[in-house]
Amino acid sequence: MLGDTLYFNAFTEDLFSWDNDLAADSKRVLRLNSDSRFFGGLKELALEESIQSYLGRYTDLDFDIDYTAWTISFGKGEAEHIKVSRGEENIFIWCLFMALCERVIDGHPSYDWVRHFYIDDPISSLDDNNAIAVASDLAKLLRKAKDRTKLETVATIEPGEKGTLARRVADPIKVVISSHHALFFNVVCNELKSAKHKKYFLHRPSGGTDYTLRATDDTPFFHHVAMLAELRRASESGALYTYHFNLLRSILEKTATFFGKRDFSSCLEGVEDEALYARALNLLSHGRYSLYEPVEMLEDNKQLFRDILTEFLAKHAFDLPALLNEDTASGAAPAAAPASAP
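Only a predicted model underlies this, so the values are computations on that prediction, with no experimental measurement involved. (Residues numbered from 1 in each chain as written. Predicted model: local features only at pLDDT ≥ 70, side-chain atom pairs only at ≥ 80, totals over all residues. Heavy atoms only, no water.)

A.B. asks: How do you make sense of the overall build of the protein when you look at a structure like this?
C.D. replies: Assigned secondary structure in the protein consists of 11 helices and 12 strands. Taken across its 342 residues, the protein has 44% of its residues classed as buried. Pairs at least 24 apart in sequence give 68% of the contacts found in the protein among residues at least 6 apart. Looking at the protein as shown, the accessible area adds up to about 18900 Å², and 49% of this sits on carbon and sulfur atoms. (Helix = DSSP H or I, 4+ residues; strand = E, 2+ residues; numbered from the N terminus. Buried < 20%, exposed > 50% of the residue type's maximum accessible area, 1.4 Å probe, protein only. Contact = heavy atoms within 4.5 Å. Areas by Shrake-Rupley, 256 points an atom, 1.4 Å probe, with all protein chains shown as cover.)

Here is the structure:
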């Protein structure tokens, strides 16, 4: 049975492969797997203009598609047939996917088999600015997918006369998005605030091997804020492990980025023992601390961790959520891997 889902994930990226022209070292091209149904209507659609309209928002690359050889060549300025970075390659594939989705929504017959989009982490190798841009563009596309309509025959005109009576009816494309990039997740959800959709975190109760979906409708889904709440609970309970320093430093780095600062230590500017705390975080967050082989902190380090966390929370007044249910209250792992299903 043929599928009904157009997907973007690691398998999609595997449909593209580089030919680096090792013999002549001059004509590098990205090859397409023309046997894939993904490219079924590509030649007829002439997507270059649509792809370029997206691509121009993220990078200054030029490209050319050879439908006979099923290759793509890239250029920049006067340079031709260049090898692009992994991030640029990913963003091009994403732009091609977005252009295909537009044709699906428009009802092109080459893709009339598509009833669903599944999109998994389309922002690997992208910086935060492009992650935000991709999320915003995707949200616009999802609103169009939700509002898609089609013509439905209502009645046939009496014999002897030509034509039928038809009306437009709702024919939405259903979409599932999964990501463990908190910023991307937040932007998509915020862009879709006015559209009906569902939001979940993948949650692993009690640190086990089974995962459940936790709805985020009644709780904040800013992942770093939720993680701060978890760190505070760990601090209060005394269940502090060496990897908690890694998590705390990561949160400080994200906070510093948000405020346009260059270094995580800026989040502790002006507090007592500022230099000590910054040095401690720098040293203690670089150990080989595994989440799967946790080592409990020594008492001195537990107190140091509490002091740093307390000063950070006092300086930056986060409104920490009460995310715990009965499972997490007894030591469950924090919510992770956000997924959105508009």
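A.B. asks: Looking at this model, I keep getting lost on the sheet that holds strand β5 (residues 71-75). Mind explaining?
C.D. replies: In a beta sheet, neighbouring strands pair by backbone hydrogen bonds and run either parallel or antiparallel. Strands sit in the order β2-β3-β5-β4 across an open sheet of four strands; the sheet is antiparallel. The strands lining the two open edges of the sheet, one partner per strand, are β2 (16-19) and β4 (62-66). Recorded for the sheet is a direction-independent mean angle of 30 degrees between the axes of neighbouring strands. Across two bridges, the pairing between strand β3 (residues 29-32) and β5 is antiparallel. From the neighbouring strand, R31 faces β5, where its bridge partner is T71. Set on the sheet, helix α4 (residues 86-105) makes contact with β2, β3, β4 and β5; between it and β2 the angle comes to about 135 degrees. (Pairing = 2+ DSSP bridges. Axes fitted to C-alpha atoms, helices over the stretch in contact; angles between N-to-C directions.)

A.B. asks: Help me out: how do you make sense of the side chain of S136 in this one?
C.D. replies: Here S136 lies in helix α5 (residues 128-146). Take S136: its relative accessible area is 17%, and that puts it in the buried class. There is a polar contact of 3.4 Å between the side chain of S136 and the side chain of E191. Once residues lying within four places of it in the same chain are set aside, the contact partners of S136 are V187 and E191. (Polar contact = N/O pair within 3.5 Å; in protein donor to acceptor, adjacent residues only side chain to side chain.)

A.B. asks: Looking at this structure, how should I read the nonpolar core?
C.D. replies: The tendency in soluble globular proteins is for nonpolar side chains to be buried as a group. Residues L6, W94 and F117 are the most contacted members of the largest nonpolar core, which totals 59 residues. For this core, the leading source of residues is α4, giving 13 residues. Contact partners of F117, with chain neighbours within four places excluded, come to T5, L6, C101, V104, I105, A145, I173, K174, V175 and V176. Core analysis: the next-biggest nonpolar cluster, separate from the first, contains 25 residues, L228, I251, C267 and L304 among them. (Core = buried A, V, L, I, M, F, W, Y, C linked by side-chain atoms within 4.5 Å.)

A.B. asks: Where do I start with the pattern of salt bridges in this structure?
C.D. replies: Where charged atoms from two side chains of opposite charge come close, those side chains can pair. For the structure on display, the rule yields 14 salt bridges. With its nearest N and O atoms 3.6 Å apart, the salt bridge here joins R86 to E13. Here the residue R86 occupies a position in helix α4, and E13 occupies one in helix α1 (residues 10-13), the gap between them amounting to 73 residues. Judged by its relative accessible area of 45%, R86 falls in the partly exposed class. (Salt bridge = Lys/Arg side-chain N within 4 Å of Asp/Glu carboxyl O.)

A.B. asks: What should I look at first to understand the packing of helix α8 (residues 243-258) against helix α9 (residues 274-284) in this one?
C.D. replies: Helix-helix packing is characterised by the crossing angle of the two axes and by the distance between the axes. Between α8 and α9, the shortest axis-to-axis distance is 9 Å and the interhelical angle comes to 120 degrees. Considering the angle they form, α8 stands oblique to α9. The element α8 and its partner α9 pack so that their crossing is left-handed. Contact with α8, carried on its side by F245, N246, L248, R249 and L252, involves L281, N282 and L284 of α9 and no other residues of that element. In the contact of α8 with α9, the residues fall into five nonpolar, two polar and one charged. (Parallel < 35°, antiparallel > 145°, perpendicular 65-115°, else oblique. Left-handed = near helix turned anticlockwise from the far one by under 90°. Nonpolar A, V, L, I, M, F, W, Y, C, P; charged D, E, K, R; others polar.)

That's the geometry; what it means functionally is another story.
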